[in-house]
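Results of the structural survey
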Amino acid sequence: MLGPRRKNEFCGVAGFSSKYPVSRVLYFSLRSLQHRGQESAGIATFNGNKILVYKGMGLVHEVFNDQSLDYLVGNAGIGHVRYSTTGGSKEENAQPIHIYTVEHEIAVAHNGEIVNVDELRKFLGEMGSAFETRSDSEIIARLLAYEITKHGVIEGLKRMSSRLVGSFSLTILVDGRVFAVRDPLGIRPLAVGKIHGGYGIASESVAFHALGGKFLRDVKPGEILEITPEELITHHVYERRYKAHCMFEYVYFARADSIINGKCVYEVRRRIGQILAEEHPAQADYVVPVPDSGRAHALGYAERSGIPYAEGLMKNRYVERTFIMPSQESRVMEINMKLSPVESVIRGRRIVLVDDSIVRGNTMRKIVKMLKDAGAKEVHVRIGSPPIIAPCYLGIDMKTRNQFIANGRSVVEIAEIIGADSLGYISIDGLVKAIGLSKENLCLGCLTARYPVPIKGEKIRFQSDLENFEI
Ligand code: SF4
């Protein structure tokens, strides 16, 4: 998945408690989570007396400098990188969200999306809360403030967690105490690690490697975990019979070197490619990835098919993320700026082009054309996720059905639209096998239109068709 399609997705969170100052540890952990959100970044620390917050729009290294990191005094803190899922792209929605109760100061960083947000907003409104933003993350912070005021810190965290429906991986600062909370279905990832002088929490295990630390384990689905410089304290775990880990983290979103729910993302992607080669073989001269998202998938395809792997498309690493121009002509230029074909690989050859997913199909159409213009004899497109046909309500901005090229179209029709000589998607069973977790423990909502939580107007997973039978 490349370029213009990569919008409004996910967030990254981090939290550290240490014997030493944490602002720079947070800074570097957020930089390693930058792929999870490029819109805004923020850090909150506790200086022993009060919570200090610094946040702004832009990439982590654009938002922070030595001066702001020096300002963020304290040995406990949380951080956030954001690309909006609800609430829109505005500075006021940057996180962590910082609020006061009578007795405490709270800062919250959220990755995920809350489904029962309207109901909670109504409840909190009736209880006298006023809201500064439209974001669901503010609802979480205000609900937590309400529950902590009534029931104390630990009971308040439990009650907040039990009232939220949807996906939430949270890092929370209550005065100088650092907590991690993960939704009981484990939809978004959250990892615990050891760093010099303390412990940390981060969306992905890569954050600890970046700090020379050690990844210890996932935060358990439903766990309320406190970290101190000396220990990890599990206050509670909300158990569910089945989990709903997002398949898209493995297919596309997480960094390939992360380990999520015990599975190495790189190895999952490689297995996806291998299974794709078995399910959709092709007669071709080279297997070419769409960089960088299709690399591991393409490698797996090449391994299993025996067709040589070649870098037939080069990515310009220095194209600005903000290179956005409105006209159609400009958009074509944009993709040409980001990718260019290696003619010696492409000209006169039959190419298997591998990418992680297709959402709208616009980018893939342009890439296929680019390869044909560079002299490719045939382009056979292979995709590492099954067709995306339904919206995501749990953290990715894929909200309207008619934006999906696969919605209501056959594979042959899609191949025609993108200009490919053939097209093959991995099957759902193939994907599940590649991930290595059981189907019951994965969210496949955008592939099946059945979701792990109740969503108005949608079917819930495990629901048989008979239950939907209406007389
Ligand atoms: S609907 Fe799709 S993208 Fe959204 S959480 Fe489920 S698997 Fe992930």
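Note that the structure is a prediction, hence the values are computed from the model and not measured.

Definitions and limits used
- Counting restarts for each chain, with residues numbered from 1 along the sequence as it is written.
- Local features in this predicted model are restricted to residues whose pLDDT is 70 or higher, and side-chain atom pairs enter the listing and the counts only when it is 80 or higher, whereas totals over whole chains, interfaces and linings include all residues.
- Derived side-chain values reflect all non-hydrogen atoms in the structure, with water molecules and hydrogen atoms excluded from consideration.
- Only when DSSP finds a minimum of two bridges between them are two strands counted as paired.
- Numbering of helices and strands runs from the N terminus, with a helix taken as a DSSP run of H or I at least four residues long and a strand as a DSSP run of E at least two residues long.
- Angles run from 0 to 180 degrees between N-to-C directions of axes, and those axes are lines fitted to C-alpha atoms, restricted for helices to the stretch in contact.
- Any Lys or Arg side-chain nitrogen located within 4 Å of an Asp or Glu carboxyl oxygen qualifies as a salt bridge.
- Each residue is assigned to one of three classes by its accessible area relative to the maximum for its type, calculated with a 1.4 Å probe on protein chains only: buried under 20%, partly exposed between the two thresholds, exposed over 50%.
- What makes two residues a contact is simply this: any of their non-hydrogen atoms within 4.5 Å.
- In this text, near means that some heavy atom of the residue lies within 4 Å of the molecule or strand in question.
- Three classes are used: nonpolar for Ala, Val, Leu, Ile, Met, Phe, Trp, Tyr, Cys and Pro, charged for Asp, Glu, Lys and Arg, and polar for all others, with Gly counted as polar.
- Among buried residues, the Ala, Val, Leu, Ile, Met, Phe, Trp, Tyr and Cys ones that are joined through side-chain atoms within 4.5 Å form a nonpolar core.
- What fixes the domain bounds is an automatic or database domain assignment.

So, on to the sheet that holds strand S1 (residues 11-18). What links the strands of a sheet is backbone hydrogen bonding, and the strands pair in either a parallel or an antiparallel sense. As summarised here, the arrangement of the seven strands in space is S3-S2-S4-S1-S10-S9-S11, forming an open sheet in which the pairing is antiparallel. Strands with a single pairing partner mark the edges of an open sheet, and in this sheet they are strand S3 (51-57) and strand S11 (214-218). Each adjacent strand pair in this sheet contributes to an overall mean axis angle of 15 degrees, direction not counted. Sheet topology places strand S2 (residues 40-46) next to strand S4 (residues 76-82); seven bridges connect them, and they run antiparallel. Directly across from Gly 42, in S4, lies its bridge partner His 80.

A complete count under the given rule lists 27 salt bridges for this structure. Across the pair Arg 24 and Asp 66 runs a salt bridge, and its minimum N-O distance is 3.1 Å. With Arg 24 in helix H1 (residues 23-32) and Asp 66 in helix H3 (residues 66-71), this residue pair connects regions lying 42 residues apart in the sequence. Across the pair Lys 122 and Glu 126 runs a salt bridge whose closest N-O atoms are separated by 3.3 Å. With a gap of four residues between them, Lys 122 and Glu 126 both fall in helix H4 (residues 117-126), about one helical turn apart. In this pair, the class of Lys 122 matches that of Glu 126, namely exposed. Overlapping salt bridges bring together Arg 36, Arg 188, Glu 204 and Glu 249 as one network.

Once that is clear, we can look at H1. Inspection of H1 places Ser 23, Leu 26, Tyr 27, Ser 29, Leu 30 and Ser 32 among the buried residues, and these make up the whole buried set. As for H1, its buried residues are in contact with S1, S2, helix H2 (60-63), H3, S4 and helix H7 (206-210).

The next subject is the site of the ligand. Taken together, Arg 188, Cys 246, Met 247, Phe 248, Cys 392, Leu 394, Ile 396, Cys 443, Gly 445 and Cys 446 make up all the residues around the ligand. Looking at side-chain class alone, the shell around the ligand contains eight nonpolar, one polar and one charged residues.

It is worth spelling out the nonpolar core at this point. Met 247 and Tyr 301 are the most contacted members of the largest nonpolar core, which totals 51 residues. For this core, the secondary structure elements donating two or more residues are helix H8 (247-253), helix H9 (265-279), helix H10 (295-305), strand S20 (350-355), helix H15 (428-435), strand S23 (442-443) and helix H16 (445-448). Three or more residues apiece are contributed to this core by two domains, here domain 1 (3-240) and domain 2 (265-436). The residues touching Tyr 301, leaving out its near neighbours within four places in the chain, are Gly 273, Gln 274, Leu 276, Ala 277, His 280, Pro 281, Ala 282, Val 287, Ile 307, Val 352, Val 354 and Arg 382. One finds Phe 123, Met 160, Val 174 and Ile 224 within the second-largest nonpolar core, a separate group that totals 30 residues.

So, about the domain arrangement of the protein. Interfaces are frequently sized by the accessible area removed from exposure as the parts join. For the protein, the assigned domains read domain 1 (3-240) and domain 2 (265-436). Relative to domain 2, the C-alpha centre of domain 1 lies at a distance of 34 Å.

This part takes up the pairing of strand S5 (residues 97-100). Burial along S5 is one-sided: the residues Ile 97 and Ile 99 are buried and none of His 98 and Tyr 100 is. Of the strand pairs in this sheet, S5 and strand S6 (residues 105-114) are connected by four bridges, and their pairing is antiparallel. Looking at the pairing, Ile 97 lines up with Val 108 of S6. The hairpin turn running from S5 into S6, its antiparallel successor, is four residues long.

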